[in-house]
Amino acid sequence: THWCTARTPPTHFRQLKMQSHFAEFRQFAAEVALAGGFVVQRSFRNLKTIERKEDASPVTLADREAEEQMRGLITARYPHHGIIGEEFGEDNATAEFVWVLDPIDGTKSFISGAISFGVLVALLFRGNPIIGVFYQPILKDMLIGDNDETLHNGKPVRLRQQQDLREATLLATDHRHFERYGKGHPFNRLVRSVRLYRNWGDCYGYFLLATGYADVMM
C-alpha cells in the first residue's frame, strides 16, 4: 500500500549521486528496461504458450527471454555487480551494487492483452535502492526515479499532494485479495471514504501514483 509521502534521501545516497558514474547508472538502467521491453513488446497479444510456476502464477517465454536479455547487458557492462531476477534468481546478490529485475510485472494482465503491466529495473547500493525504472513498452511510458527526482519521459513528475482522503483516488489490483486475507470490511470502508475507486492496478497503478494521477495504490 502506498500513500503520497516524501522522504529525504539518505546521506550515502547524496554522496553517491555526486559521483560521475551515477548518471551512467541511470542511463544504463533505462537501457536495460528498454531492452527487456523490446522483447516483451514482440510477444504482446502474440503468445504461443503460457506456463504455471509452482505457486500457480503464470509465466511466459517472454518473461524468460526478456530477463535473459537484461541480465546479459548487465553482466557485459558490470561483471562484478550482482543480479536478482524474478525468473532466474540471484547471482552475486551480496555485491555492493545489485540490479533487481522483473521483466513483466503484471503477467496476468500481459497474457490477457491488457496494458497494465510493466518492465521493472532497480539498482541497489549496499542493500538500499538508489535507482528505479518503470517502462511500459506498448505506451512507451518510461519512469525513472532516484530518491531525489522522478522523470516521466524526461519531464519531472511528483506525487499528488492530496491531504484529504475524501478527495482521493484509490486504486487496487483485485479487491478479492482483501477478502481472502480477512481485510474485506476495512477495505470496503476505505473505498467508501474516497472520491474515486477503480481497479487500474497491477504495475500501472504505481505509475499512476508516481505521476500524480492517483493518491493511493493497494
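Everything discussed here concerns the structure shown above.
Residues numbered from 1 in each chain as written. Predicted model: local features only at pLDDT ≥ 70, side-chain atom pairs only at ≥ 80, totals over all residues. Heavy atoms only, no water.

## Topic: the nonpolar core
And then number 1: Formed by 32 residues in total, the largest nonpolar core has its most connected members in Trp 99, Val 121, Ile 131 and Val 133.
And then number 2: Within the residue set of this core, elements represented by two or more residues are α2 (21-43), α3 (61-77), β6 (97-105), β7 (118-125), β8 (128-136) and β9 (141-145).
And then number 3: Top contributing element to this core by residue count: α2, with 9 residues.
And then number 4: Ignoring any residue separated from it by four or fewer positions in sequence, one finds Val 121 in contact with Ala 29, Val 32, Ala 33, Met 70, Trp 99, Val 100, Leu 101, Ile 131, Gly 132 and Val 133. (Core = buried A, V, L, I, M, F, W, Y, C linked by side-chain atoms within 4.5 Å. Buried < 20%, exposed > 50% of the residue type's maximum accessible area, 1.4 Å probe, protein only. Helix = DSSP H or I, 4+ residues; strand = E, 2+ residues; numbered from the N terminus. Contact = heavy atoms within 4.5 Å.)

## A short note on the sheet that holds β8
And then number 1: Spatially, β5-β4-β6-β7-β8-β9-β10-β11 is the arrangement adopted by the 8 strands of the open sheet, whose pairing is mixed. Both edges of this open sheet fall to β5 (89-91) and β11 (155-157), since each of them pairs with a single strand only. Here the strands of the sheet are splayed against their neighbours by 20 degrees on average, with no regard to which way each runs.
And then number 2: Here strand β4 (residues 82-85) runs beside β6; their pairing, made up of 4 bridges, is parallel. Within β6, the residue paired with Gly 82 across the bridge is Val 98. (Pairing = 2+ DSSP bridges. Axes fitted to C-alpha atoms, helices over the stretch in contact; angles between N-to-C directions.)

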